[in-house]
There are 2 protein chains.
Amino acid sequence: MSQESWAYLNRVVEGPSRPLQLLLDAGRDADEIARGVRVRASWLGDLGPQTEARRSWDRAGQDLAEAADAGARLITPESREWPRAEFDVAFGFAAAGRSEHVRSYQADAVPPHALWVRGTPLNEAVAQSVAVVGTRAATRYGHEATRQIATGLATHRWAIVSGGALGIDTVAHEAALAAGGLTVAVAACGIDRTYPARNAALLDRIAARGCVVSEYPPGMPPQRHRFLTRNRLVAALTAGTVIVEAAWRSGALNTLSWAEGLGRVTMAVPGPVTSAGSLGCHERIKDGRAQLVTGADDIRALLGAVGALDVAEQYELAYAATPVQSLTRNELRVFDACPPGGSSAQEISASAGLPVPLTVHLLMDLTRRGIISREGAAWSRVEVAQG
Amino acid sequence: MSQESWAYLNRVVEGPSRPLQLLLDAGRDADEIARGVRVRASWLGDLGPQTEARRSWDRAGQDLAEAADAGARLITPESREWPRAEFDVAFGFAAAGRSEHVRSYQADAVPPHALWVRGTPLNEAVAQSVAVVGTRAATRYGHEATRQIATGLATHRWAIVSGGALGIDTVAHEAALAAGGLTVAVAACGIDRTYPARNAALLDRIAARGCVVSEYPPGMPPQRHRFLTRNRLVAALTAGTVIVEAAWRSGALNTLSWAEGLGRVTMAVPGPVTSAGSLGCHERIKDGRAQLVTGADDIRALLGAVGALDVAEQYELAYAATPVQSLTRNELRVFDACPPGGSSAQEISASAGLPVPLTVHLLMDLTRRGIISREGAAWSRVEVAQG
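Calculation rules
- Residues numbered from 1 in each chain as written.
- Chains lettered and ligands numbered in written order.
- Predicted model: local features only at pLDDT ≥ 70, side-chain atom pairs only at ≥ 80, totals over all residues.
- Heavy atoms only, no water.
- Least-squares fit on C-alpha atoms with pLDDT ≥ 70 in both.
- Contact = heavy atoms within 4.5 Å.
- Buried < 20%, exposed > 50% of the residue type's maximum accessible area, 1.4 Å probe, protein only.
- Helix = DSSP H or I, 4+ residues; strand = E, 2+ residues; numbered from the N terminus.
- Buried area = accessible area lost by both parts, 1.4 Å probe.
- Salt bridge = Lys/Arg side-chain N within 4 Å of Asp/Glu carboxyl O.
- Polar contact = N/O pair within 3.5 Å; in protein donor to acceptor, adjacent residues only side chain to side chain.
- Phe/Tyr/Trp six-rings, centres within 6.5 Å; stacked < 30°, edge-to-face > 60°.
- Lys NZ or Arg CZ within 6 Å of the ring centre and 35° of its normal.
- Axes fitted to C-alpha atoms, helices over the stretch in contact; angles between N-to-C directions.
- Parallel < 35°, antiparallel > 145°, perpendicular 65-115°, else oblique.
- Left-handed = near helix turned anticlockwise from the far one by under 90°.
- Nonpolar A, V, L, I, M, F, W, Y, C, P; charged D, E, K, R; others polar.
- UniProt positions renumbered as here; feature names shortened; annotations may be inferred.
- Pairing = 2+ DSSP bridges.

### Some words on the relation of the copies chain B and chain A
Item 1. Rotating chain B by 180° and moving it 0.0 Å along the rotation axis overlays it on chain A with an RMSD of 0.1 Å. The operation mapping one copy onto its partner corresponds to a two-fold rotation axis. Among all residues of chain B, the one whose C-alpha sits closest to the rotation axis is Gly271 of chain B, at a distance of 2.4 Å.
Item 2. The fraction of interface residues of chain B whose copies in chain A are also interface residues reaches 100%, indicating that both copies meet through the same surface.

Rendered as structure tokens:
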């Protein structure tokens, strides 16, 4: 199939297109479909009316040239770097229509038919990747949480996929680059356009190490509905999606809904309840639609890269119990009943409200463990920092 | 049964005591058991060795007098204000041994045999109550979150039960009082003692409106093991427990474990992941052992006082969608394709990649809804604040 046919279809069929997907699934190739669109073939089905308005926008050569000028190439299901496995898994899951989101956006739950890419081979970039997205109106807390999480993931060789937007997306991309990791930006406009303009240099740095991807032909302006279909790609390309800061109607929730509908792992980072900035994250956790994650380790555990128990173990090590915190309740009663100056076993027994034999047994055991010391008949506490 | 017998038992049997509970359940009354302890009766079972060391501490009259001096009274299962329903439900649930916590602390999973109370009748104070607990080392965030939650609960006539400790407990009590609500402090020391000393005035204010409660006889010092058994009372007296700020080994987690073991609703407030202050809250939510709550409305919904849907509705109202946020994807495509200066339906159709008839239909519908306007053949957007 020629690149020209794919480029022509990419221009006249605004993705995602279920009618185009049906024709491809039925065994028609891009050359044949492109010809069919040009001549309004009878077998086009719903692709006929869908292409009617743009059918004559025949500028495949120009689109390919403009992309090349911008350092980009067109990749298709025939390309070696097509993320076939990711799309098969995600859109195969969606076909089962298990989530309400996918039932509402059925028409969009199909893979892209071609992608424009700047940078490293896309399939390699996303082979071990996670989406980190969030509000454009990020708070200082959102910045800091995103930086910690993206740095931790990048350090463990997880590529960060995001939308290249201001706020959380930008911090996620930047932190991944700063940690020497791979990152992928999925744009909601033509690959030759820079949006947001303020991120021009960042997008160049992303393309130099990872890649920038778009489903739309050169020159396409970013529009709201393209943000929504772009979000489905972010979710489809990655093993899971993490939302870091998302208010009640944040667009990041749309990406998370896509991840859910595509069978990906859905995760949300909590935040202060005293501001509305994390309200969307909290709501998804409450509804059981996202797992609460507090850092890169949690995320890696959920994505199966590391055992959840290992994470708990790390906390146990990081916040080790003091000897006193490890005592059983009867041990504590005896320990607490030892006055600073020392006392007899009988007195300690009465003060602890425990039988003398049990008290003596516990005192001896605590002495062996270095928590109590004995001088003659007097038992006293060894000085320990109090919990 | 005489108050003296209960007071004697309260002094010589450090609660909670399963052996004492077994004797009461078997139908022996307090007078009989007190006599039995004094004479080392053969039928005492495990209560024999448990009382051996303190048997001779016969100072019931003095304890009752000291409590009265402190403005407190002794209440027992025979008192009208005994929170019988709360204890029956909680310890009845615990008897089923469904939670690991209760299996580990089986001996403690019994009701108190008597309580010292300063203030309003206890059963009335806790009839509609929730426990709000957290770290002593509260951050500014913890303070603010606690204040919001306790104020919201108090405003809706929920009594706040807590431990009277510094940090979160103090803020919870104070916020409840400031909102004109009831609050109950459960102490881990004798009712006549003030702990922490800094909270002396607060405890007086609590007793003046709600009440202060202790399971321990006058003069008993606060000790670590008493904090743990006190925590079970906080959980038992309330419909649910909320932890606001609790690090990995916070004592507040012990209260939450008790709430779980006693069949109460367990709730945790999330916080910033960039500090360790809410690590314990997050861990319990992750493990499915606590529900994430962000405010008083969530808590009331979980306690069945208000429908969960009403809460979602409030958010919907508070963060109402703009007209553009409510558009379907095809509506958005048409809306986005309308240039600022207006354009023909044909041009808009091509730009949106939608058939002309559908485009016209959508344009007319959006015009009816006041989102698009038409002048002659030109359709343009009505100025709307952009999402």
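### Remarks on helix α10 (residues 168-178) of chain A
Residue and element names in this part refer to chain A.
Item 1. The buried fraction of α10 is high, at nine of 11 residues.
Item 2. Turning to α10, its buried residues are Ile168, Asp169, Thr170, Val171, Ala172, His173, Ala175, Ala176 and Leu177.
Item 3. In this fold, the buried residues of α10 make contact with β3 (129-133), α9 (140-155), β4 (159-162), β5 (183-187) and α11 (200-209).
Item 4. Two residues or fewer after α10 comes Gly180, characterised by a positive phi angle close to 75°.

### Observations concerning the interface of chain B and chain A
Item 1. Listed per partner, the contact involves 61 residues of chain B and 61 residues of chain A.
Item 2. Around 5,300 Å² of area is buried between chain B and chain A when both sides are counted, 58% of it from carbon and sulfur atoms.
Item 3. It is Arg224, Arg249 and Arg329 of chain B that lose the most area in chain B upon contact with chain A, and together they represent 15% of the buried surface on that side.
Item 4. The interface formed by chain B and chain A includes five salt bridges.
Item 5. We note a salt bridge from Lys286 of chain B to Asp298 of chain A, for which the minimum N-O separation is 2.6 Å.
Item 6. Seen at the junction of chain B and chain A, the total is 15 residue pairs in polar contact (both at pLDDT 80 or more).
Item 7. Those elements that place two or more of their residues in the side of chain B that touches chain A are α4 (47-52), α9 (140-155), α12 (224-237), α14 (279-286), α16 (308-318), α17 (329-337) and α18 (345-352) of chain B.
Item 8. If one sorts the elements of the side of chain B that touches chain A by residue count, α17 of chain B sits on top with six residues.

### Here we look at the packing of aromatic side chains
Item 1. The tally for this structure, following the rule as stated, stands at six aromatic pairs over all chains.
Item 2. On the numbers, 6.0 Å between centres and 55° between planes, the contact of Tyr195 of chain A with Phe227 of chain A is tilted. Placement of the pair is Tyr195 of chain A in the loop between β5 and α11 and Phe227 of chain A in helix α12 (residues 224-237), with a sequence separation of 32 residues.
Item 3. Ring centres 6.0 Å apart and planes at 55° place the aromatic pair Phe87 of chain B and Phe91 of chain B in the tilted group. Linking Phe87 of chain B with Phe91 of chain B, this pair stays in helix α6 (residues 84-95), spanning four residues, or about one helical turn. Like Phe87 of chain B, the residue Phe91 of chain B is buried in the burial classification.
Item 4. By way of ring pairs, the aromatic residues Trp82, Phe87 and Phe91 of chain A are connected into one cluster.
Item 5. The side chain of Arg28 of chain B reaches across the aromatic face of Trp43 of chain B, ending 3.9 Å from its centre.

### Some points on the packing of α6 of chain B against α12 of chain B
Think of two packed helices as two axes; the pair is described by the angle between the axes and how far apart they sit.
Residues and elements named next belong to chain B.
Item 1. Packing of α6 against α12 brings their axes to within 8 Å, and their N-to-C directions diverge by 110°. Taken together, the axis directions place α6 and α12 in an arrangement best described as roughly perpendicular. Taken as a pair, α6 and α12 cross one another with a handedness that is right-handed. Across from Glu86, Phe87, Ala90 and Phe91 in α6, the residues of α12 making contact are Arg232, Leu233, Ala236 and Leu237.
Item 2. Among the residues forming the contact of α6 with α12, the class breakdown is six nonpolar, no polar and two charged.

### Here we look at the side chain of Ser162 of chain B
Residues and elements named next belong to chain B.
Item 1. Among the structural elements, Ser162 can be located in strand β4 (residues 159-162).
Item 2. Since its relative accessible area comes to 0%, Ser162 is described here as buried.
Item 3. Here the side chain of Ser162 touches Val132 through a polar contact of 2.7 Å, landing on its backbone oxygen.
Item 4. Ignoring sequence-local partners within four residues, the contact set of Ser162 consists of Val132, Val133, Asp169, His173, Val184, Ala185, Val186 and Val234.

### Some thoughts on unusual backbone geometry
Residues and elements named next belong to chain A.
Item 1. Cis geometry is found at the peptide bond from Gly15 to Pro16, where omega equals -5°.
Item 2. When you line up the elements, Pro16 lands in the loop between α1 (3-12) and α2 (18-25).
Item 3. The residue after Tyr195, namely Pro196, is reached through a cis peptide bond having omega -10°.
Item 4. Turning to its location among the elements, Pro196 is positioned in the loop between β5 and α11.
Item 5. Its identity is not glycine, yet Arg40 carries a phi of approximately 55°, on the positive side.
Item 6. Secondary-structure assignment places Arg40 in the loop between α3 (30-38) and α4 (47-52).
Item 7. Backbone geometry places Arg157, a non-glycine residue, at a positive phi of 65°.

### So, the UniProt feature "domain: Smf/DprA SLOG" (unreviewed entry) in chain A
Item 1. Mapped onto this structure's residue numbering, the UniProt feature "domain: Smf/DprA SLOG" (unreviewed entry) falls at residues 109-301 of chain A.
Item 2. Along residues 109-301 of chain A the backbone is 41% helical and 17% strand, and the end-to-end C-alpha distance reaches 28 Å.

### Brief notes about the pairing of strand β2 (residues 115-119) of chain A
All names here are of chain A.
Item 1. The buried count for β2 comes to four of five residues, which makes it a mostly enclosed element.
Item 2. Relative to β2, strand β1 (residues 72-75) runs antiparallel, the two sharing four bridges. Its bridge partner being in β2, Leu74 is matched across the sheet by Trp116.
Item 3. Alignment of β2 against strand β6 (residues 211-214), held across four bridges, turns out to be antiparallel. From the neighbouring strand, Trp116 faces β6, where its bridge partner is Ser214.

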